[in-house]
Amino acid sequence: MTSRDEGYNNSDGFLDQAQGSEERKYHENLLISQTHSNTGEKVKQSLQAQPEMNPYSEHPRTVPLFKGDYGDKEEPTEWFAQFELSLPETWSDRQRIDRFAMQLAPGQIAEEWFQGLSSTRISTFLDLRTTFRRRWPPPKRPKYSRMQQKERVMAEVLDENDIGLWTAGNYGHVVWATKVSRLALGMGDTEGYLIEYVIEGIPNLLKDHLKCEYADWDEFLEDVQSVSSIKLKRGREDLNKERVRDADIARLKVQPSLASLQYQFSQMSTSSQRSNPPAYRASTRIPTLPTVQPNATGIIYPAPNPSPPMPTPNTLGTFMGTGRGGFGMRGAPFTRIQLTRAQIMEKLAMMPQRANTEAGVRQYEADIELWHRNHGTEGFPSLDKPYPLRPGTALISSGECYSCGAVTDPPHLQSSMLPQQRILTTVHMEHRSQLRST
């Protein structure tokens, strides 16, 4: 062995023997490199000697205890799947079965069932799984007929007010389209047969911007999402203008018939003054003279007159009666009685109105049918034959709206109401307007 080799084995002696700074620095670097090489080799050997870490912990993950009574939204099939995933892969069947017994809630149905099993039925974990599913079978997916599928998707109605409205992180019509498409796909409609029934219920505000022909639900959803919110905003403004115009046209159509009703009612108004009827003009008919016939002796006697005597002008006034009025259906005179405003309001307050309940609405519909049966479909309501009031509306002449029958503060205009808020019919509106002007 040379002196340089001995220096490698004994670093201190070697450095002492080295001459000059250049040679000393060379040997220092060589010693450091050799030391690091040996250390890295030792670390590598130490890591190789350690066993590989199992990605699954030897301790199972925690899952809720199983009761087996389907309570608290417990689904046995899902619970068993979670329990099986919580077990380490290295566990034996015996360890898994023992762990299953520890996961059963004490005193519950599942524990009693497990304790009653024989060891032969659960000798392996596969046997335990089969026995468990026989006791708690997986839920069956419901199968809907085509008619039931149609009814379910059509029940998901898109509210016109939600179109273009940002809600739940997206526009309301997009949220609705996503919901109804998932419902249809969940029922197995992968070909999009139910799309045509969904399109039928879409309001025109959105439907006018759709192509309405789709190959599948993805294409339908993509088309709904592509509709610009600016187009929907303009469409809503145009729709509101059309509704105001239609309301004005309908109001103009009602006005002539309302004026006619007011005129006829004014003729029967108790506040109007009428002149006395004209004097009776006697008939100019010449009464028939009695005929004479000779008898057997030749004496002439007047024959009896079969017609009743004519009333004379002196007795005519007694026959007809006095005072303002007229003649009834059979010529009997009647006199119109003048009512005060207080008496009119009392009659209005006594008008029948059913309770605003389900039974009251049915009785109200029967009252309407009876009224038209008695007075005809073209009959006009009045104080003498009042039209039944709709349940839940205000009394007549109480400052109510003629379209909805409600009293609001401040009062609202008919033109500002939505069509679904105008619940009163034309007969109701005319009846309330006429009686208020009495």
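Within any chain, residue numbers begin from 1 and follow the written order of that chain's sequence. Owing to the predicted nature of the model, reporting of local features is limited to residues with pLDDT of at least 70; listing and counting of side-chain atom pairs is limited to 80 or more, with chain, interface and lining totals taken over all residues. Note that water and hydrogens are dropped before the side-chain values are worked out from all heavy atoms of the structure.

A. How the structure looks around the overall build of the protein chain. Only DSSP runs of H or I covering at least 4 residues are called helices, and only runs of E covering at least 2 are called strands; the numbering of each starts at the N terminus. A tally of helices and strands in the protein chain yields 17 helices and 6 strands. Three labels apply to residues, based on accessible area from a 1.4 Å probe with only protein chains included: buried if under 20% of the type maximum, exposed if over 50%, partly exposed otherwise in between. When each of the 438 residues of the protein chain is scored for burial, the buried share is 26%. Contacts were defined at the residue level, with two residues in contact if any of their heavy atoms lie within 4.5 Å. In the protein chain, of all internal contacts separated by at least 6 residues, the share reaching a separation of at least 24 is 57%. In short, Shrake-Rupley with a 1.4 Å probe defines the accessible areas, and a residue's cover is counted only from the protein chains shown. Carbon and sulfur atoms make up 53% of the accessible area of the protein chain, which totals about 31,100 Å².

B. Here's a closer look at the packing of aromatic side chains. Within 6.5 Å between ring centres, the rings of Phe, Tyr and Trp (the latter by its six-membered ring) count as paired, and their orientation is classed by plane angle as stacked under 30 degrees, edge-to-face over 60, tilted in between. On inspection of all chains with the given rule, the structure shows 23 aromatic pairs. Between the aromatic rings of Phe-100 and Phe-132, the centroid separation amounts to 6.0 Å while the plane-to-plane angle is 90°, which identifies the pairing as edge-to-face. Of this pair, Phe-100 sits in helix H5 (residues 93-102) while Phe-132 sits in helix H7 (residues 125-135); the two residues are 32 residues apart in sequence, bridging distant segments of the chain. Comparing Phe-100 with Phe-132, the two get one shared label, buried. Here Trp-166 and Tyr-171 contribute two aromatic rings whose centre-to-centre distance is 4.9 Å and whose plane-to-plane angle is 90°, an arrangement assigned as edge-to-face. Through a chain of ring-to-ring contacts, three or more aromatic side chains come together here, namely Phe-66, Trp-79, Phe-80, Phe-83, Phe-100, Trp-113, Phe-114, Phe-125, Phe-132 and Trp-136. The ring of Trp-136 has Arg-135 sitting right over it, with the charged end atom 4.5 Å from the ring centre. Think of it as a cone above the ring: NZ of Lys or CZ of Arg counts as a charge over the ring if it is within 6 Å of the ring centre and within 35 degrees of the ring normal.

C. Molecular detail of the pattern of salt bridges. Each salt bridge in this description consists of a side-chain nitrogen of Lys or Arg and a carboxyl oxygen of Asp or Glu lying within 4 Å of one another. Overall, the coordinates contain 10 salt bridges when judged by the stated rule. Here Arg-362 ties to Glu-358 by a salt bridge, and the two come within 3.4 Å at their closest N and O atoms. With Arg-362 and Glu-358 both in helix H16 (residues 358-375) and 4 residues apart, the pair spans about one turn of that helix. Here Glu-369 makes a salt bridge to Arg-373, at a shortest N to O gap of 3.6 Å. On the criterion of helical spacing, the pair formed by Glu-369 and Arg-373 is a turn pair, its members being 4 residues apart in helix H16. The same class applies to Glu-369 and to Arg-373, which are both exposed.

D. Fine view of the environment of Leu-395. Residue position: Leu-395 is located in the loop between H16 and helix H17 (426-436). Here Leu-395 falls in the partly exposed class, since its relative accessible area comes to 41%. Considered as a pair, Leu-395 and Arg-432 are 37 residues apart in the sequence and their alpha carbons are 9.0 Å apart. For Leu-395, the residues in contact, after removing those within four places along its chain, are Gln-353, Glu-400 and Arg-432.

E. Highlighting the side chain of Asp-189. Structurally, the position occupied by Asp-189 is in the loop between helix H9 (172-186) and helix H10 (195-200). This count recognises Lys and Arg as positive and Asp and Glu as negative, with His and chain-terminal groups excluded. The buried charged residue Asp-189 lacks any salt bridge partner; its closest oppositely charged side chain belongs to Arg-146, at an N-O distance of 5.6 Å. Here a polar contact is taken to be a pair of N or O atoms separated by no more than 3.5 Å, where protein atoms must pair a possible hydrogen donor with a possible acceptor and residues adjacent in sequence count only if both atoms sit in side chains. A polar atom in the side chain of Asp-189 sits 3.3 Å from the backbone nitrogen of Gly-192. Among the polar contacts listed, one links the side chain of Asp-189 to the side chain of Trp-217, at a separation of 3.1 Å. Look past the residues within four positions of Asp-189 in its chain and what remains in contact with it is Ala-184, Leu-194 and Trp-217.

F. Geometry of the packing of helix H4 (residues 76-86) against H7. In this description, a line fitted to the C-alpha atoms serves as the axis of each element, helices being fitted only across the stretch in contact, and the angle between N-to-C directions of two axes falls anywhere from 0 to 180 degrees. Orientation of H4 relative to H7, taken along the N-to-C sense of each, is 165°, at an axis distance of 11 Å. Taken together, the axes of H4 and H7 lie roughly antiparallel to each other. The two elements H4 and H7 meet at a crossing, and its hand is right-handed. Each of Pro-76, Trp-79, Phe-80, Phe-83 and Glu-84 in H4 lies in contact with H7, whose residues at this interface are Phe-125, Arg-129 and Phe-132. Nonpolar residues are Ala, Val, Leu, Ile, Met, Phe, Trp, Tyr, Cys and Pro. Charged residues are Asp, Glu, Lys and Arg, and all others, Gly as well, are polar. In the contact of H4 with H7, the residues fall into 6 nonpolar, no polar and 2 charged. Orientation labels follow simple angle bins: below 35 degrees gives roughly parallel, above 145 gives roughly antiparallel, 65 to 115 gives roughly perpendicular, and whatever is left gives oblique. Handedness of a crossing is defined here by the sense of rotation of the near helix relative to the far one, left-handed for an anticlockwise turn of less than a right angle and right-handed for a clockwise turn.

G. Structural detail: the nonpolar core. Joining through side-chain atoms within 4.5 Å is the link that ties buried Ala, Val, Leu, Ile, Met, Phe, Trp, Tyr and Cys residues into a set, and such a set is a nonpolar core. Formed by 25 residues in total, the largest nonpolar core has its most connected members in Val-153, Trp-176, Ile-202, Leu-206, Trp-217 and Phe-220. For this core, the element with the most residues is H9, which contributes 6 residues. Residues within four places of Trp-217 in sequence aside, it is in contact with Val-180, Ser-181, Ala-184, Leu-185, Asp-189, Gly-192, Leu-194, Ile-195 and Val-198. The next biggest cluster of nonpolar side chains, apart from the first, holds 19 residues, and it includes Phe-80, Phe-100, Trp-113 and Phe-125.

H. How the structure looks around the side chain of Asp-223. Tracing the backbone through its elements, the reader meets Asp-223 in helix H12 (residues 217-225). Of the buried charged residues, Asp-223 lacks a salt bridge, with Lys-211 as the closest side chain of opposite charge at 5.5 Å. Filtering out sequence-adjacent residues up to four positions away, Asp-223 remains in contact with Leu-210, Lys-211, Cys-212 and Tyr-214.

I. Representation of the packing of H9 against H12 in the model. At a closest axis distance of 9 Å, the pairing of H9 and H12 adopts a crossing angle of 175°. Between H9 and H12, the angle falls in the class roughly antiparallel. Residues His-173, Val-174, Trp-176, Ala-177, Thr-178, Val-180, Ser-181, Ala-184 and Leu-185 of H9 touch H12, and the partners they reach there are Trp-217, Phe-220, Leu-221, Val-224 and Gln-225. The class makeup of the residues in the contact of H9 with H12 is 10 nonpolar, 4 polar and no charged.

J. A look at H7. Phe-125, Leu-128, Thr-131 and Phe-132 are the residues of H7 that are buried. End-on view of H7: buried residues confined to an arc of 120°, all on one side of the axis. Opposite its buried face, H7 presents the exposed residues Leu-126 and Arg-134, each directed more than 90 degrees away. Contacts from the buried residues of H7 go to H4, H5 and helix H6 (109-115). Arc definition: directions from the helix axis to the C-beta atoms.

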